[in-house]
Amino acid sequence: CIVREYKFNVVMANATRLCSTKPIVTVNGQFPGPTIYAREDDTVLIKVVNHVKYNLSIHWHGVRQLRTGWADGPAYITQCPIQPGQTYVYNFTITGQRGTLWWHAHILWLRATLHGALVILPKPGVPYPFPSPHEETIVILGEWWKSDVESVIKEALKSGLAPNVSDAHTINGHPGSVPNCFSKGRFRLPVDPGKKYMLRIINAALNDELFFKIAGHNLTIVEVDAAYVKPFTTDTILIAPGQTTNAIVSTDQESGKYLMAASPFMDAPIAVDNLTATATLRYSGTVSSIATTLTSLPSKNATPVATKFMDSLRSLNSQEYPAQVPLDIDHSLLFTISIGINPCATCVNGSRLAADINNISFVLPKISLLNAHFFNLSGVFTDDFPGNPLMPYNYTGKQPTNLGTMKGTRLYRLAYNSTVQLVLQDTGMISPESHPFHLHGFNFFVVGSGIGNFNPNKDPPNFNLVDPVERNTVGVPTGGWVAIRFRADNPGVWFLHCHLEVHTTWGLKMAFVVDNGRDPDESLLPPPTDLPKC
Ligand code: C2O
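For clarity, every value in this text was computed on a predicted model and none was experimentally measured. (Residues numbered from 1 in each chain as written. Predicted model: local features only at pLDDT ≥ 70, side-chain atom pairs only at ≥ 80, totals over all residues.)

**Concerning the overall build of the protein**
For the record, the criterion: Secondary structure elements are taken from DSSP: a helix is a run of H or I of four residues or more, a strand is a run of E of two residues or more, and numbering for both begins at the N terminus. Here the radius of gyration uses the C-alpha set of atoms, whereas the globule reference equals 2.2 Å times the residue count to the power 0.38. Contact criterion: two residues are in contact if their C-beta atoms, reconstructed from the backbone, are within 7 Å.
When helices and strands are tallied, the protein shows four helices and 33 strands. In terms of overall size, the protein behaves like a compact globule, its C-alpha atoms giving a radius of gyration of 22 Å where 534 residues would be expected to give roughly 24 Å. Projecting the C-alpha coordinates of the protein onto the three principal axes gives extents of approximately 70 × 55 × 55 Å. Taking the contacts inside the protein whose residues are at least 6 apart along the sequence as the reference set, 78% of them involve residues at least 24 apart.

In structure tokens, the structure reads:
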């Protein structure tokens, strides 16, 4: 097996966007950061050196980290942060996975600029299960703030109010044309006619779900979250923060310049950055005076477009890539997701926004949970996270007023290899809203979803247990629910959270602790010697 080594020097660099310049945190001075390439079965070593004033940690989003939870990255969950001046080598082997994933900082709001693609190619000689594209390219969608992102969230936490939304969306780091600011450096994809291009699309935005579209061209979806899907064709994709999508574009149109665009999806009455990011697909031989072909994007509350896209996703479920959906369930869980308020005497309205799962607003500990678990340290967490709401109520109807949020560092314990069905139920405590939920350490199958309250009698018989899409991040629909299933075959401590950074900050997170199995190869490996200390 091959060892791939990378060096990430985390340094400040100046960047100019929207006609203003500010220092940003980067890897090796690049924004977006460098792409990591590996093949299935390779070992990857990434030496991270912290040259900035912030504590750091980096997460390899979607990499399963079988038995190597120490390399997963979320600060205070699986490691203490890498302090200024310190170095840590993330060391993991890629097992049973291939496709587009990504990496990002997993502390504070540093992932705004600290992120990049992680591409896992199939084993040598193994083809894609679809006609090989002529070329591949990475398309990272993101958000840009004119002000310092850490100050944005710091001030919001002080006031108790929602933070400002971003000032623009970006495609590969650039907003494209924006009113009142001619911007150089728009992403351009040069193409030849009559070919197939695979776009590895990543949503690295902090808070916005996005639609993505290319004028005049359809997109054939072949993979999401590094899991193959049954190919289908669409003109628009929906991609939530944390998710990845591989789409094939055939350059079968007349020569010209075609706009690619990313615009927000938000079907709740919540403020969102309304700007559309643009880039261009440019056929070779296009005379530069040929006008760019524009595209019409779905409106930001186009729920039917979003739903249609999500409902079209099915696992490939072929002989080589079977969908191994757990059929017997050991743990049947229902987690309510709420945005609410907590009292706060010093805040602007006398209260602060908070978020919870089953009424618990998760509090990060002072040392890592994985450490506490491995060394059996008491007093860091409890394993009494409720598997169901403490007081069932009409989740999407009129809200009860007596459901205060409790703080806690409570985990849910799973035996090795046990199976889990988890229903994530959005609620309307302040306003219902779509939440992209990400589980570390596992892929899961999305067996069902619906609008309104999950019905434990009527809904499960309609679950798709044959070819449900397999992913690591799933959108819980606004005022609705999704049901996921996974097998707890990875010992360690695994974070589950909303990938909207603002919600994670408010406490919309929890963790599973998965015990070791009986065999030595079913247990968590010991921590590496250079693991940072708190
Ligand atoms: Cu991509 Cu815990 O996150």
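**Describing the UniProt feature "domain: Plastocyanin-like" (unreviewed entry) in the protein**
Just so we agree on the cut-off: UniProt positions are given in the numbering used here, feature names are shortened, and annotations may be inferred rather than shown by experiment.
If you check UniProt for "domain: Plastocyanin-like" (unreviewed entry), the listed places come out as residues 10–123, 135–285 and 401–517 in our numbering. Helix and strand shares over residues 10–123 are 0% and 46% respectively, and the end C-alpha atoms of the span are 31 Å apart.

**Observations regarding the environment of A262**
Using the following cut-off: To sort residues by burial, count the other C-beta atoms lying within 10 Å of each one's C-beta; a count of 20 or more means buried, 12 or fewer means exposed, and anything in between means partly exposed. C-beta atoms are built from the backbone.
Structurally, A262 is set in strand β18 (residues 257–265). We classify A262 as buried; it has 28 C-beta atoms within 10 Å. Distance in space between the C-alpha atoms of A262 and T236 is 9.8 Å, their sequence separation being 26 residues. Aside from chain neighbours lying at most four places away, what touches A262 is L141, H169, I171, L210, F211, F212, T276 and A277.

**With respect to the domain arrangement of the protein**
Our working definition: Domain boundaries shown here were taken from an automatic or database domain assignment. Throughout, the ten residues Ala, Val, Leu, Ile, Met, Phe, Trp, Tyr, Cys and Pro are labelled nonpolar, Asp, Glu, Lys and Arg are labelled charged, and all others, Gly among them, are labelled polar.
You can read the domains of the protein as domain 1 (1–126), domain 2 (130–315) and domain 3 (331–522). Contact with domain 1, which involves 25 residues of that partner, is made by 28 residues of domain 2. The set of elements that each furnish at least two residues to the side of domain 1 that touches domain 2 consists of β2 (20–27), β7 (99–105) and β8 (115–121). Among the elements that line the side of domain 1 that touches domain 2, the one with the most residues is β7, at five residues. Residues belonging to the side of domain 1 that touches domain 2 are distributed by class as follows: twelve nonpolar, nine polar and four charged.

**Observations regarding the sheet that holds strand β4 (residues 43–50)**
Rules: At least two bridges found by DSSP between two strands is the condition for calling them paired. Note on geometry: axes are lines fitted to C-alpha atoms, helical ones only across the stretch in contact, with angles between N-to-C directions running from 0 to 180 degrees.
Taken in spatial order, the four strands make up an open sheet running β2-β1-β4-β6, and their pairing is mixed. Each end of this open sheet is capped by a strand with a single partner; those strands are β2 and β6 (87–93). Averaged over all adjacent pairs, the angle separating strand axes in this sheet is 20 degrees, with direction ignored. Of the pairings in the sheet, the one linking strand β1 (residues 3–17) to β2 comprises eight bridges and is antiparallel in character. If you follow T16 over to β2, its bridge partner there is T21.

**Considerations on the confidence of the model for the protein**
Quick reminder of the rule: Values of pLDDT, the confidence the predictor places in each residue, fall between 0 and 100.
Scored by pLDDT, the protein has a mean of 95; 99% of the residues are at 70 or more. Predicted as a complex, the structure gets a pTM of 0.97 and an ipTM equal to 0.99.

**Some points on unusual backbone geometry**
What you tend to see is this: most non-glycine residues have negative phi, and most peptide bonds are trans. Omega for the peptide link from F31 to P32 comes to -10 degrees, which places this bond in the cis form. Here P32 is to be found in the loop between β2 and β3 (36–39). Even without a glycine there, the phi angle at Y76 is positive, about 70 degrees. Positionally, Y76 belongs in the loop between β5 (58–61) and β6. Even without being a glycine, N376 presents a positive backbone phi close to 55 degrees. One can find N376 in the loop between α3 (369–374) and β24 (406–408).

**With respect to the nonpolar core**
Definition in use: What we call a nonpolar core is a set of buried Ala, Val, Leu, Ile, Met, Phe, Trp, Tyr and Cys residues whose membership is set by joining through C-beta atoms within 7 Å.
Counting 149 residues, the largest nonpolar core has L141, I484 and A511 as its most contacted members. With six residues, β18 is the largest single contributor of residues to this core. Apart from residues lying up to four places away in sequence, A511 is in contact with I77, L369, L411, V493, W494, F495 and L496.

**As for the pairing of β7**
Sheet faces and side chains relate simply in a regular strand, where the side chains alternate between the two faces. Along β7, seven of the seven residues are buried, which leaves the element largely enclosed by surrounding structure. Two elements, β5 and β7, share four bridges in a ladder whose sense is antiparallel. Bridge pairing in β7 places H59 opposite H104. In this sheet, β8 lies alongside β7 in antiparallel orientation, the contact comprising six bridges. Bridged to H104 within β8 is H115.

**A closer look at the sheet that holds strand β14 (residues 219–224)**
Spatially, six strands are ordered β10-β9-β12-β17-β14-β15 in an open sheet, and the strand pairing comes out mixed. Either end of the sheet is taken by a strand with one partner, and the two such strands are β10 (168–171) and β15 (227–234). Taking each pair of neighbouring strands and ignoring which way they run, the sheet shows an average axis angle of 25 degrees. By the bridge criterion, four bridges tie strand β9 (residues 135–144) to β10 in an arrangement that is antiparallel. By the bridge assignment, E143 is partnered in β10 with H169.

**Side note on helix α2 (residues 303–311)**
Rules: Directions drawn from the helix axis to the C-beta atoms are what define this arc.
Among the residues of α2, those classed as buried are V305, A306 and F309. Relative to the axis of α2, the buried residues are bounded by an arc of 100 degrees and lie together on one face. Of the exposed residues in α2, those oriented more than 90 degrees away from the buried face are P304 and D311.

**Section: the environment of G160**
As for its position among the elements, G160 is in the loop between α1 (149–159) and β10. Residues G160 and P343, spaced 183 residues apart in sequence, show a C-alpha to C-alpha distance of 9.4 Å. Discounting chain neighbours no more than four positions away, the residues touching G160 are C344, C347, V348, N349, S351, R352 and L353.

**Some details on the environment of V325**
Here V325 shows up in the loop between α2 and β21 (331–343). In sequence terms V325 and V447 are 122 residues apart; their C-alpha atoms lie 8.7 Å from each other. Contact partners of V325, with chain neighbours within four places excluded, come to F445, V447, L465, P468 and R485.

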